[in-house]
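So you can see what is in the structure, the chains are spelled out below.
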Amino acid sequence: MKIKGFLCGTTATTNEEYKKVLKRRNIWKLVLVLAGILISGTAFYAEQMQKTALSEEVLGVYTGFGVGLALAGIILLIKTVILMGNEEKLKQDRLENADERLNEIKSKAAQATLMVMLLVIITGGMVCSIFEPVLIKAMIFLIDVFGFSYIVAFSYYKKKM
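Residues numbered from 1 in each chain as written. Predicted model: local features only at pLDDT ≥ 70, side-chain atom pairs only at ≥ 80, totals over all residues. Heavy atoms only, no water.

1. Here's the deal with helix H2 (residues 56–84)
Working step 1: With 29 residues, H2 extends 42 Å between its outermost C-alpha atoms, agreeing within 8% with the 42 Å of an ideal straight helix rising 1.5 Å per residue.
Working step 2: Tucked into the core, H2 has its buried residues touching helix H1 (15–49) and helix H3 (87–97). (Helix = DSSP H or I, 4+ residues; strand = E, 2+ residues; numbered from the N terminus. Expected span 1.5 Å × (residues − 1). Contact = heavy atoms within 4.5 Å.)

What follows is the structure, encoded as C-alpha cells:
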C-alpha cells in the first residue's frame, strides 16, 4: 500500500494549475532547506566558538537535525522538479492527490494524530513535570499554541471556503 503525503492534497484540475501549486510548495521546501542550514550552521558555529553551555551530544543532535532537514528539502525539491518535467507523471500525481477518498482518509488520519499528540503532550508534561517543574509550563504553552492555531485556522478556512 502506498501512503501519500499528508500535505499533498490539491484541488487543481489541470496540469498547469498543479504546476503552480507545486511551485508554491517549492518555496516551503526552500524554507525547509534554509532552516536546516541555519540550525546546523548555528550549532556548528557554537561548537567551534565554544560559547555555549550545551553538551557535545546536544550540539550533535542540532547539527544532525539541521543537516537532515536540509537534505530532506533538497531531495523533495529535486523530486518535484523531475515531476514537473514529465507531463504524464505530473497528471498521474495530480489525479492521485485530488482523490476525494484519499483526502477524506488524510483528514481522518490527521484528526486521530492530533488527538494522540495532545494526549502525549499532556501525559508527558504531567509526568515529566514531576522531575522538572518547568516542563508543566512548556506543556501548557504547547496546548495554548495548539488551541490558538486551531481557532485561527478554523476562522481562516471558514471564510475561505
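2. Description of the side chain of serine 129
Working step 1: By secondary structure assignment, the location of serine 129 is in helix H4 (residues 100–131).
Working step 2: Residue classification places serine 129 among the buried positions, given a relative accessible area of 16%. (Buried < 20%, exposed > 50% of the residue type's maximum accessible area, 1.4 Å probe, protein only.)

3. A short note on a nonpolar patch on the surface
Working step 1: Together, Val67, Leu71, Ile74, Ile75, Ile78 and Ile82 make up an exposed nonpolar region whose accessible area comes to about 560 Å².
Working step 2: With respect to the helices and strands, the residue valine 67 is situated in helix H2. (Patch = residues over 30% accessible without salt bridge, like charges linked within 9 Å, V, L, I, M, F, W, Y side chains within 5 Å. Areas by Shrake-Rupley, 256 points an atom, 1.4 Å probe, with all protein chains shown as cover. Salt bridge = Lys/Arg side-chain N within 4 Å of Asp/Glu carboxyl O.)

4. A closer look at the environment of glycine 66
Working step 1: Looking at where glycine 66 falls in the secondary structure, it is placed in helix H2.
Working step 2: The residues touching glycine 66, leaving out its near neighbours within four places in the chain, are Gly36, Ile37, Ile39 and Ser40.

5. Looking at the confidence of the model for the chain
Working step 1: Scored by pLDDT, the chain has a mean of 86; 94% of the residues are at 70 or more.
Working step 2: Ranking the elements of the chain by mean pLDDT puts H3 last, at 85, and H2 first, at 92. (pLDDT = per-residue confidence, 0-100.)

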